[in-house]
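# Close look at the chain arrangement
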Amino acid sequence: MHVDIPSPLGRLEGILKPEEAGVKPHYVSLVCHPHPLYGGTMDNKVVFKVAQILQALQIPALRFNFRGVGRSSGSYDEGRGEMDDVRYALDFLSHRYPGLPVILAGFSFGAYVGLRVGAIDGRVRALIGLGVPARSFDGDTLQGCTKPKLIIHGTRDEVAPYALTVRWFEQLPAPKTMIAVEGADHFFQGRLDEVQTIIASFVQTL
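Structural notes, computed from the coordinates. Since the structure is predicted, the reported quantities are computational estimates derived from the model, not experimental observations.

Estimated volume of the largest pocket: approximately 290 Å³. Together, 21 residues line the largest pocket, and His35, Ser108, Phe109, Val159 and His186 are the ones closest to its centre. Looking at the lining of the largest pocket, the elements with two or more residues in it are helix H3 (109-120), helix H4 (134-137) and helix H5 (162-171). With three residues, H4 is the largest single contributor of residues to the lining of the largest pocket. Partitioning the lining of the largest pocket into residue classes produces 12 nonpolar, eight polar and one charged.

Spelled out as structure tokens, the structure:
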């Protein structure tokens, strides 16, 4: 389902996989895409696969294009405006699914902006970060965030070095889980089925 998410700049283009007929969801989800300046869009394969497994778990999944990407209004804003875009997407979900808690997932740049918003937004119940670019957080370890957090990272990530993300993860407050996908690159090529299994196991603990 193609949707328009209202924003002060106009709209953000999104795709919502709603609940199946007759299903009453217990969660909704939001998935944030990688860096707009390097080809990141809501159609990124990792983003698609994350949304796909969430929807398979009977959780409506919204993915969207940040400002300036695809048909979304505005232009790239170095992460600041993109954090606002995450909030506008949460507003959209709150309007459509009032009172339902959100599982927020982000890949790469999407993890950088999404986790920072989700850590402090009361609508978000749990956080999933994939290929988290630890150096971008610049010391922000989501202190005070006691929501469940799942970090999934390839040990051969050439964009966000695994060792840096491990050190960042060690500073995160509990509850938290980090799963290494042995030998996987930044985009988890050939390993996305494993990523989906990891996410499904995490969600079933919530």
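Okay, the sheet that holds strand S4 (residues 61-64) next. If you walk across this open sheet you meet the eight strands as S1-S2-S4-S3-S5-S6-S7-S8, and the pairing is mixed. Each having just a single partner strand, strand S1 (2-7) and strand S8 (176-181) make up the two edges of the open sheet. Looking at each pair of strands side by side, their axes are set apart by 20° on average, direction ignored. Sheet analysis places strand S5 (residues 102-107) next to strand S6 (residues 124-130), joined by six bridges and oriented parallel. In the sheet register, alanine 105 faces S6, and the bridge partner there is isoleucine 128. Relative to the sheet, helix H1 (residues 45-56) contacts strand S2 (10-17), strand S3 (28-32), S4, S5 and S6, its axis offset from that of S3 by approximately 175°.

Another aspect to go through is H3. Where burial is concerned, most of H3 is hidden: 10 out of the 12 residues are buried. Among the residues of H3, Phe109, Gly110, Ala111, Tyr112, Val113, Gly114, Leu115, Val117, Gly118 and Ala119 are the ones counted as buried.

So, on to the packing of helix H2 (residues 80-96) against H3. Where H2 contacts H3, the two axes come as close as 9 Å, and the packing angle between them is 65°. The crossing of H2 and H3 is right-handed. Two secondary-structure elements touch here, H2 through Glu82, Met83, Val86, Arg87 and Leu90 and H3 through Phe109, Val113, Gly114, Arg116 and Val117. Tallied by class, residues from the contact of H2 with H3 come to six nonpolar, one polar and three charged.

The next thing to look at is the pattern of salt bridges. This model, assessed by the stated rule, comprises 11 salt bridges. Between arginine 123 and aspartate 91 there is a salt bridge, and its shortest N-O distance comes to 2.6 Å. Residue arginine 123 is located in the loop between H3 and S6, and its partner aspartate 91 is located in helix H2; the two are separated by 32 residues in the primary sequence. Each member of the salt-bridge network shares a partner with another, and the members are Asp77, Glu78 and Arg80.

Cut-offs and rules
- Residues numbered from 1 in each chain as written.
- Predicted model: local features only at pLDDT ≥ 70, side-chain atom pairs only at ≥ 80, totals over all residues.
- Heavy atoms only, no water.
- 1 Å grid on protein atoms, 1.4 Å probe; cavity = no way out; pocket = protein on both sides within 12 Å on 5 of 7 lines; lining within 4 Å.
- Points joined across faces, edges and corners; volume = space filled by probe spheres on them.
- Helix = DSSP H or I, 4+ residues; strand = E, 2+ residues; numbered from the N terminus.
- Nonpolar A, V, L, I, M, F, W, Y, C, P; charged D, E, K, R; others polar.
- Pairing = 2+ DSSP bridges.
- Axes fitted to C-alpha atoms, helices over the stretch in contact; angles between N-to-C directions.
- Contact = heavy atoms within 4.5 Å.
- Buried < 20%, exposed > 50% of the residue type's maximum accessible area, 1.4 Å probe, protein only.
- Left-handed = near helix turned anticlockwise from the far one by under 90°.
- Salt bridge = Lys/Arg side-chain N within 4 Å of Asp/Glu carboxyl O.

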